[in-house]
Amino acid sequence: MKDIRHNWSREELLNIYNTPLMELIFRAATIHRQYHNPLEVQISSLISVKTGGCSEDCGYCPQSARHHTEVKVHKIMGVEEVRGLAEKAKLGGASRMCLGAAWREVRDNSDFDNVLEMVKSINAIDMEVCCTMGMLTEEQAQKLSDAGVYAYNHNLDTSEEFYSEVITTRTYDDRLNTLKNVRKAGMTICSGGIIGMGESIDDRLGMLKTLSGLDPHPESVPINSLVPVEGTPMENQPLVPIWDMVRMIATARIVMPKSAVRLSAGRLGMSQEGQALCFLSGANSIFAGDKLLTTPNPSINEDVALFENLGLKPSAAFKFGRMKTAVGENISETK
Ligand code: SAM
Ligand code: DTB
Ligand code: SF4
């Protein structure tokens, strides 16, 4: 596509991010309307199918075994339980289930076989499935894709430069390599990051530069506001001002116009007016349900009231068909 660019420079990104706020929101909202129905928001619901005890040292994460948080370790859930939760989430308007596992990487064992069964059972009730389970080999990515996984979430989290301040047990290149395997296997890519970890604006834009440099762009770009959890090295980080969230979402919308931009973790700390500005600035996807993976999220009732008030409606599953992406071909989540 001619109008989709993969060569945004840091300078261009900085100029966009620093545009006077009212101009920035207007520009992002205008682009949003050209590519998407501005009244539709895609809803995903998260299930932590394997919780805690993770070997990685991600500074933000309550599930790392290296941090002393209140998260209890749980072994992998059963297929029936997961399917039951998916049915409930579907009634609440969710079109996609996102299955999370606190793993450094997927291993070829009975837990992985169990995940493949979960995927099939959720597809059987006509919901899209996303998995977020750490690093994948080409073969594992293919197995997930063959089982019916629609999207794989694997965040870059921040800039390449700031990455080693947050995580030391894997590299930026490891992350990019998994994204390559996901794309090759025909799944869509969900990749974004977190703001509020102590990074600079330049780091935020460095992350957007890498994401927008991927060809095709990730179909979904989650922007998380750090949820500071007691017992993690980031427990005392101040909450991100809503204006930073709005600027980040608007910039992502402008440089990746076809992608779904997901207003992700941190909504509990935002006012409804703040969230409305995020939707206006191009966010068109959320995680709903009273829990994210281990931390609380607004209740379904609150979100239903918010959607009613703003005139938003949840989008349907498989809007873009069940077909898989051929390598290099974008079936981005657009109207
Ligand atoms: N273990 C897998 C991995 O790291 O890719 C999947 C699960 S991991 C919890 C998924 C994503 O959740 C992380 O990449 C990070 O962006 C986000 N996340 C984790 N803890 C968070 C927090 N406290 N606040 C905001 N986002 C968080
Ligand atoms: C993403 O970008 N955000 C979600 C999802 N992908 C997996 C996770 C947010 C986790 C917040 C901390 C927790 O609840 O444990
Ligand atoms: Fe493990 Fe993922 Fe948490 Fe990092 S973000 S500690 S890899 S669960």
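What you are looking at is a predicted structure, and each value in this text was computed from that prediction instead of being measured. (Residues numbered from 1 in each chain as written. Chains lettered and ligands numbered in written order. Predicted model: local features only at pLDDT ≥ 70, side-chain atom pairs only at ≥ 80, totals over all residues. Heavy atoms only, no water.)

## Re the site of ligand 3
So, point 1. The environment of ligand 3 is formed by Cys 54, Glu 56, Cys 58, Tyr 60, Cys 61, Ser 64, Ala 102, Trp 103 and Arg 170.
So, point 2. Considered class by class, the residues forming the shell around ligand 3 number six nonpolar, one polar and two charged. (Near = heavy atom within 4 Å. Nonpolar A, V, L, I, M, F, W, Y, C, P; charged D, E, K, R; others polar.)

## Things to note about the packing of helix H9 (residues 242–255) against helix H10 (residues 272–280)
So, point 1. Contact geometry of H9 with H10 gives a least axis separation of 9 Å together with a crossing angle of 15 degrees. One way to sum up the angle between H9 and H10 is to call them roughly parallel. For the pair H9 and H10, the crossing hand works out as right-handed. Packed against H9, whose contacting residues are Ile 242, Trp 243, Met 245, Val 246 and Ile 249, the element H10 presents Gly 274, Leu 277 and Cys 278 at the interface. (Axes fitted to C-alpha atoms, helices over the stretch in contact; angles between N-to-C directions. Helix = DSSP H or I, 4+ residues; strand = E, 2+ residues; numbered from the N terminus. Parallel < 35°, antiparallel > 145°, perpendicular 65-115°, else oblique. Left-handed = near helix turned anticlockwise from the far one by under 90°. Contact = heavy atoms within 4.5 Å.)

## Things to note about the pattern of salt bridges
So, point 1. Summed over the entire model, instances satisfying the criterion amount to 15 salt bridges.
So, point 2. The shortest N-O distance in the salt bridge between Glu 199 and Arg 204 comes to 2.8 Å.
So, point 3. When salt bridges with common partners are traced through the structure, they connect Glu 56, Arg 104, Glu 105, Arg 107 and Arg 170 into a single cluster. (Salt bridge = Lys/Arg side-chain N within 4 Å of Asp/Glu carboxyl O.)

## Details of the confidence of the model for the chain
Low pLDDT means the predicted coordinates in that region are not meant to be read closely.
So, point 1. The share of residues in the chain with pLDDT of 70 or more is 95%, and the mean pLDDT across the chain is 94.
So, point 2. Per-residue pLDDT stays below 50 along residues 323–335; that stretch engages in 43 contacts with residues further than four places along the chain or on separate chains. (pLDDT = per-residue confidence, 0-100.)

## Focus on the pairing of strand S8 (residues 260–263)
If a strand is regular, its side chains alternate between the two faces of the sheet.
So, point 1. Alternating positions in S8 separate into two faces, Ala 260 and Arg 262 on one and Val 261 and Leu 263 on the other, with burial throughout.
So, point 2. One ladder, built from four bridges, connects strand S7 (residues 220–225) with S8; its direction is parallel. Looking across to S8, one finds that Ile 223 is bridged to Leu 263.
So, point 3. Where S8 meets strand S9 (residues 283–287), three bridges bridge the pair, whose relative direction is parallel. Note that in S9 the partner of Val 261 across the bridge is Ala 283.
So, point 4. Of the crossover connections in this fold, the one passing from S8 over H10 to the parallel S9 is right-handed. (Buried < 20%, exposed > 50% of the residue type's maximum accessible area, 1.4 Å probe, protein only. Pairing = 2+ DSSP bridges. Right-handed = clockwise from strand over helix to strand, strands pointing away.)

## Some words on unusual backbone geometry
For residues other than glycine, phi is negative in most cases, and the peptide bonds are mostly trans.
So, point 1. Asp 215 connects to Pro 216 through a cis peptide bond whose omega is 0 degrees.
So, point 2. With respect to the element layout, Pro 216 can be found in the loop between helix H8 (201–213) and S7.
So, point 3. Even without being a glycine, Asp 126 presents a positive backbone phi close to 60 degrees.
So, point 4. For Asp 126, the location among the structural elements is in the loop between helix H4 (110–123) and strand S3 (128–132).
So, point 5. Phi is positive for Asp 157, close to 70 degrees, though the residue is something other than glycine.
So, point 6. Within the secondary structure, Asp 157 is located in the loop between strand S4 (151–153) and helix H6 (160–166).
So, point 7. A relative accessible area of 3% places Asp 157 in the buried class.

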